[in-house]
Amino acid sequence: MRAPGATTTRHGRKTSVGMFLCIVPFLVLMFLFSYLPLYGWVYSLFDYKPALGIGGSEFVGLQWFEMLVSSPTQMQQIGQVLLNTLAISFLGIATSFLPVLFAVLLNEIKAPWFRNSVQTLTTLPNFISWVLVYMIAFSLFTSTGLVNNILQDLGIVDDPVRFLDSGGPKVWIVMTLWSIWKGLGWGAIIYLAAITGIDPALYESARIDGASRFQLMRYITIPQLIPTYLVLLLLSVANLLNNGMEQYFVFQNAFNKDHIQVLDLYVYNIGIMGSSLSMATAIGMLKSIISVSLLFTVNWIAKRVRGESLV
Amino acid sequence: MKHRRTAAFVAVAFAAVGTLTACTSDAEPPSASGTTATDTSTQATGFPEAWDQEIEIDVFGSLSNYMGVQEGWFSKIVKDKFNMRLNIIAPNVAGGGDTLYNTRVAAGDLGDLIVIDKGQQMDELIEGGLLLDASEYYPSMANTAVFDAAVQNLNAEVDGTYGFPTQVSTLLPTQPSEALEPTFGAYLRWDLYEKAGFPEIGTLEDLLPVFKAMQDAEPTAANGARTYPLSLFADWDGNMMNNVKQPITYYGYDELGFVLAKADGSDFQGLLDDDGMYERVLKFYFDANQQGLVDPESTTQNWDTLFAKYQNGQVLYSFWPWLGQSAFNTEENTAEGKGFMLAEIKDQEIFAYGAELFGGKQILAIGSRAEDPERIAAFVDWLYSPEGVNANGSQTMGAAGPEGLTWEVASGGEPALTDFGREVFLGGDATVPEEWGGGSFIDGVSALNVAVVLPASENPATGVAFNYTTWPSFQELVETPLSVNWSERMGGAASGIEFLVAANQLAVAPGASYTAPADSSQIEAQRNQVKAEIVQASWQMVFASNEGEFDNLWSTLQSRAAGLGYEDVLAFDMENAQAQNAARQAILAEFG
Amino acid sequence: MATKVITPKLRNARAQRVATSRTAGARLTIGDLLFNAVNWFGFFIMVLLCAYPFYFLIINSISANDLAAAGDVRFWPQGIHLANYEQVFQLRGLPMAAAVSVGRTVLGTVATVMASGFLGFMFTQRRMWKRQFWYRFTIVTMYFSAGLIPVFIIMRNLGLTNSFWVYILPWVVQPFFIILVKTYVESMPESLQEAAELDGANIVQVFFRVYLPNMTPILATVAIFSAVAQWNSFQDTLIYVTDQSLYTLQFLLYMFINQASSLAQAAQNAGGNVGAIANAATSQTPTSIRMTVSVIVVLPIIFIYPLFQRYFVKGIMLGAVKG
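A. Layout of the overall build of chain C. Of the regular secondary structure elements, chain C holds 15 helices and 0 strands. Across the 323 residues in chain C, those meeting the buried criterion constitute 41%. Across chain C, contacts joining residues at least 24 apart in sequence account for 75% of those joining residues at least 6 apart.

So, in structure tokens, the structure goes:
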């Protein structure tokens, strides 16, 4: 009954090297595609030009990193950018429970035809690229667009409301709402799958004890989804600085730029990505280090709080 | 007996000569090339007359708008002449910005024929060994040698002949490179300008009451939407707000980084100078907006929406001829006398680019890993020949297409469009006959999309320019009530350029082919920061609610820009502007 | 399984009509009805919000292009025509690209699902040598990247550029899916594995015979995500492939969009040639092309999707194994 390749540790438990060997081919793949390319981080120390290769490019040391913090106005800009990034990330985390709720409530719909249609149709926004989303938003919310026409016809407002080109912190909320619209149906799929995996016996015995449907939801369904939710939450926290660029790029204009510019967009806007590969590598390096640190820090906190780590 | 022998001898001699010419003449497109001028472009050079093996070469076309193997009538010509297919690799189409360029360069093979920018890009590729030294083929390139000065200038700093210039011409560098209409100008809806009574426009700001009058004359367009004289867009904002720069060009300035340099070198301004041209135009737009003359959707719309508005007649002013005219000056509209035409601002001196003496920004080069560099060199050489210029230039650049297909030399010795040519250029498109390659004409246009020789240059075979829009025969064809009306009003001028030259309102910057040195990484980073500030503040200023806010924004912009390194970048740009001017003055001295 | 389902003795007729087997045993209250009504209504609104934009794309792609570009088409299509779709279906190389896309989607998804399932399962095995280390080794790769050029060079050195395998191999190990599977497996009863091992199965047999058949919901989820990602991806074609016979459908369409934008720009930059404007209603604008392409790309997904939905039906398995 011993698993192949088992050895005995000093704790007396048998550790299996055989199991490890089973996954080695996959680890090799991962090493090749994810770890090996990391040698490219050395580009951040050079003024790398692809035509000249690393050998022909000039060595500049920490110049790129210094440039990021070189002047007060720059620091202030980066400060604002980080604020935007963190604000939007936190709003995202605050609303991260919505897909769970969505899945739980959808599960309460008993008619399969409605449930399946809702599930399919609510995933549609996920497939519409942000460029097109902006086009639709423009058509609806511009000063001569549908929403303003309705508002004016109903007499609610006299002048068109400037939905798209007004600034201020409310931009964060608007962007979060768009993200929710786009990702809710798709994100709920994971939880729907998890719900179908819940042992029916749990429900049966609770019903025998006289539980109402709300109590079933609250005490069985949701707790069963918590492990998945926590892991995904951890992953989002580690992605704190990576909001992506496309969504904010299409919506930005001179009036909301101060509050819409997240880190990825800022990097794109100041043209760093285009011509200077080295600067891009430097920034990518910093973001990676921060993300990984966040990952392990939050994991450690979770371990202290819950008693077991998430990863 | 004697006669017969002489006759036989003569007959044999003729036969011999006949067979010899038959052996050496090129394979021409059968039948359809009923041209009188035989093509001597490849016979004059030292290249082989024909190639046996068919090859397909990779063309890295940084300006190309089509990706894949070239098809249609142009590819037939190339196949017949060089037994070659062109596989176009187009970063514009493949997307991803510089990604394609970077990965191909990193792999060491950019392409067999390469179209890229001169200056730093070319230098790096030479240093990296990606370009071929074509010195051994250059002596055979007779057509290119016509522009030898430009070739030498391009390769002056390197050892060998790596790059071949584009946009060369026989024009003097002090002549404008634009053929008919200037690049910039105040193009107004002529019919509405007429309704307003053709008021005189003394200076830029006088446009405002004219705009108002025009808007009042037609407050709603045909589709029911409100009309606005000004509708702006942000898509092309670079070093500054693009739309603000355009009226500045009416006074002879062009941008070089953050510097506004006058064509004749009499003034250099920084963008953020108080009371400078940039602030002046910002104020102009601000005032326009206060009067309700600016489309409020400007801040959030993109190019496509804007273009559709022009097509629908919702916008009444255009910075460039090719925006308003190509959208709105349709056959229908011009027949009714409606369309965009150049208006005169009395004190204007519109900036024009002189024909570049040593060629334009792009160059052609042969890749170092090309398998048959001789053939590619022959192809490049053909692109400089009259036949090549006509075939390679796209119709949007004014090249006339292959002789015999779209145009021919008429009985009077003047070139004129054929029926087919008329169908293509005036009707939009036509199906090419099978013997020329088949397919639609537009689909068969050369995908290289680079004018090797400027169409405005003179065709040695016909004595007039390659650009068919300048041919008198064409101008007769396209007269419309609109153009007639305009011409009358503007002293009988046939085109915008003609009028401006006559009125002395064109400031031609001599084409010195000056390339500014590349930004150092420090300057580049500063520039990117500053320009983001400038663009953002400019938009806010145009749409500011009152003058107080306008002034506040301006001073805030100046201080923030200063904090991000504006002064350093400006100093660098000023230096370059002075160098550019020195080069221009030198050209002026030589050719003026 | 020996559980007994106790049906309550009291049931009113209305409850009988409304109740399904799952709610058998619960009395239906006013609260329940209200909840159902609100629930249905809420989801109905959500469906409107989500489906309307897509409907908007569809009607715009079949409406006259100039109206669409002006933003006038909002509720009903106007000036219906199919020229946009014809243009797309006339693209050169479309059938081949479609075949490549289908190929990579099917093969890639199968590979990813198998790998994710297996790895997710293996990482739950506490006895694995240095399990936690290797798990973290895998997860952490989601958060760093060295950039385009180094990865490209490695792909080239491995001979994967211009090869079909570049669409499959890099996608095999996906940390996110592994996490999903692992979390799911951890919620399954351990007795499953114990029972199988008691019968003498080794770990691989345990996976294939016992766990795999019971992981269908999560595997279906992984399959959907993976299939969609494979179907939509074009970046890898852009970077690694220059051989036209390996172009994917998405890449072809992406090029089509870019080309149209470039051409539209070029045509608009024309030297103001009078009269060369084709019929504005059917001539392509970049907007009309984007919308058409979007619709074409999404439709296959909408049709395939319901096939996966049947895996989200509960309870095929656990009852049978327990006890």
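Back to the text.
B. Main features of the overall build of chain A. A count of helices and strands for chain A gives 16 helices and 4 strands. For 311 residues, the compact-globule formula gives about 19 Å, and the C-alpha radius of gyration of chain A, at 25 Å, lies well above that figure. Across its three principal directions, the C-alpha atoms of chain A cover 70 × 65 × 35 Å. Taking all 311 residues of chain A together, 35% fall into the buried category. Partitioning the contacts of chain A with sequence separation of at least 6, the portion at a separation of at least 24 is 62%.

C. Expanded view of the sheet that holds strand β7 (residues 253-256) of chain B. All names here are of chain B. Read across the sheet, 3 strands follow the order β7-β8-β9 without closing on themselves; strand pairing throughout is antiparallel. Each having just a single partner strand, β7 and β9 (268-270) make up the two edges of the open sheet. Going from strand to strand, the sheet's axes swing by 30° on average, the running direction of each strand aside. As paired elements, β7 and strand β8 (residues 259-262) share 4 bridges and run antiparallel to each other. For E255, the partnering residue across the bridge sits in β8 and is L260.

D. Layout of the interface of chain A and chain C. On the side of chain C, 78 residues touch chain A, which itself brings 77 residues to the contact. Residues belonging to the side of chain A that touches chain C are distributed by class as follows: 50 nonpolar, 19 polar and 8 charged.

E. Quick look at the packing of helix α5 (residues 94-122) of chain C against helix α8 (residues 175-186) of chain C. All names here are of chain C. The interhelical angle for the contact between α5 and α8, taken along N-to-C directions, is 50°, at an axis separation of 8 Å. Accordingly, the angle class assigned to the pair α5 and α8 is oblique. When you trace α5 past α8, the crossing you get is right-handed. Contact residues: α5 offers T112, S116, G117, L119, G120 and F121, while α8 offers F177, I178, V181, K182 and V185.

F. Here's a closer look at the domain arrangement of chain A. All names here are of chain A. The domains assigned to chain A are domain 1 (1-61) and domain 2 (71-306). Just the C-alpha atoms count here: the centres of domain 1 and domain 2 sit 32 Å apart. Contact residues are listed per partner, giving 7 residues for domain 1 and 5 residues for domain 2. Across the side of domain 1 that touches domain 2, the residue classes break down as 4 nonpolar, 2 polar and 1 charged.

G. Representation of helix α14 (residues 286-309) of chain C within the structure. All names here are of chain C. In this model α14 runs 35 Å from its N-terminal to its C-terminal C-alpha over 24 residues, within 8% of the 34 Å that 1.5 Å per residue would give. If you look at α14, its biggest bend is around 25°, right at F303, and the proline P306 turns up within four residues after that. Of all the positions in α14, only P286, T287, S288, I289, R290, M291, T292, V293, S294, V295 and V298 are classed as buried.

H. Inspection of helix α19 (residues 481-489) of chain B at higher detail. Residues and elements named next belong to chain B. For α19, the complete set of buried residues consists of L482, S483 and W486. Looking straight down α19, one finds its buried side chains confined to an arc of 90°; they lie on one side. Across α19 from its buried face, at more than 90 degrees, point the exposed residues V484 and E488. One or two positions beyond α19, positive phi appears at G491, with a value near 70°.

I. View of the domain arrangement of chain C. Each assigned domain of chain C is listed with its residue range as follows: domain 1 (29-85) and domain 2 (92-263). Taking only C-alpha atoms, the centre of domain 1 of chain C and the centre of domain 2 of chain C are 33 Å apart.

J. Representation of the nonpolar core within the structure. Grouped together as the largest cluster of nonpolar side chains are 227 residues, with contacts concentrated most on L188, Y278, A365 and I366 of chain B. In terms of residue count, the dominant contributor to this core is helix α13 (residues 249-268) of chain C (9 residues). In this view, A365 of chain B contacts I114, I116, L131, Y162, G163 and F164 of chain B; residues no more than four positions away in its chain are not counted. Residues V237 of chain A together with V173, F177 and V181 of chain C belong to the second largest nonpolar core, which totals 66 residues.

K. Quick look at the environment of K531 of chain B. Residue and element names in this part refer to chain B. Residue placement: K531 occurs in helix α21 (residues 521-542). The buried category is assigned to K531, around which 25 C-beta atoms lie within 10 Å. It is 37 Å that separates the C-alpha atoms of K531 and T161, two residues lying 370 residues apart in sequence. With residues up to four places along the chain from it excluded, the contact list for K531 reads G238, N239 and M240.

L. Examining the environment of L67 of chain C more closely. Following the sequence through the fold, L67 of chain C ends up in helix α3 (residues 65-69). A C-alpha to C-alpha distance of 29 Å links L67 of chain C and N232 of chain C, two positions 165 residues apart in sequence.

M. Local environment of the sheet that holds strand β3 (residues 84-89) of chain B. Residue and element names in this part refer to chain B. On the basis of which strands lie adjacent, the open sheet formed by 6 strands has the order β2-β3-β1-β4-β13-β5 and mixed pairing. Of all the strands in the sheet, the pair left with one neighbour each is β2 (68-69) and β5 (163-165). Bridge analysis of β5 against strand β13 (residues 362-366) gives 3 bridges, and the strand direction is antiparallel. Bridging across to β13, G163 finds its partner in A365.

N. Region of interest: the confidence of the model for chain A. All names here are of chain A. Counting all residues, the mean pLDDT for chain A is 84, and 94% of those residues have values of 70 or more. Across chain A, element-level confidence peaks in helix α5 (residues 98-107) with a mean pLDDT of 93 and bottoms out in strand β1 (residues 6-8) with 49. For the stretch residues 8-12, pLDDT sits under 50, and the model shows 2 contacts to residues farther than four places along the chain or on other chains.

O. Inspection of the packing of helix α10 (residues 242-249) of chain B against helix α11 (residues 277-290) of chain B at higher detail. Residues and elements named next belong to chain B. Close contact between α10 and α11 brings their axes to 9 Å; oriented N to C, the two are set at 110°. Classified by the angle their axes make, α10 and α11 are roughly perpendicular. Crossing hand, α10 versus α11: right-handed. From α10, V244, P247 and I248 reach across to α11, where they touch M277, Y278, V281, L282, F284 and Y285. A class-by-class count of the residues in the contact of α10 with α11 yields 9 nonpolar, no polar and no charged.

Cut-offs applied
Residues numbered from 1 in each chain as written. Chains lettered and ligands numbered in written order. Predicted model: local features only at pLDDT ≥ 70, side-chain atom pairs only at ≥ 80, totals over all residues. Helix = DSSP H or I, 4+ residues; strand = E, 2+ residues; numbered from the N terminus. Buried ≥ 20, exposed ≤ 12 C-beta atoms within 10 Å, placed from the backbone. Contact = placed C-beta atoms within 7 Å. Rg over C-alpha atoms; globule rule 2.2 N^0.38 Å. Pairing = 2+ DSSP bridges. Axes fitted to C-alpha atoms, helices over the stretch in contact; angles between N-to-C directions. Nonpolar A, V, L, I, M, F, W, Y, C, P; charged D, E, K, R; others polar. Parallel < 35°, antiparallel > 145°, perpendicular 65-115°, else oblique. Left-handed = near helix turned anticlockwise from the far one by under 90°. Domains from an automatic or database assignment. Expected span 1.5 Å × (residues − 1). Bend = angle between axes of the 7 residues up to and from the residue. Arc of directions from axis to C-beta. Core = buried A, V, L, I, M, F, W, Y, C linked by C-beta atoms within 7 Å. pLDDT = per-residue confidence, 0-100.

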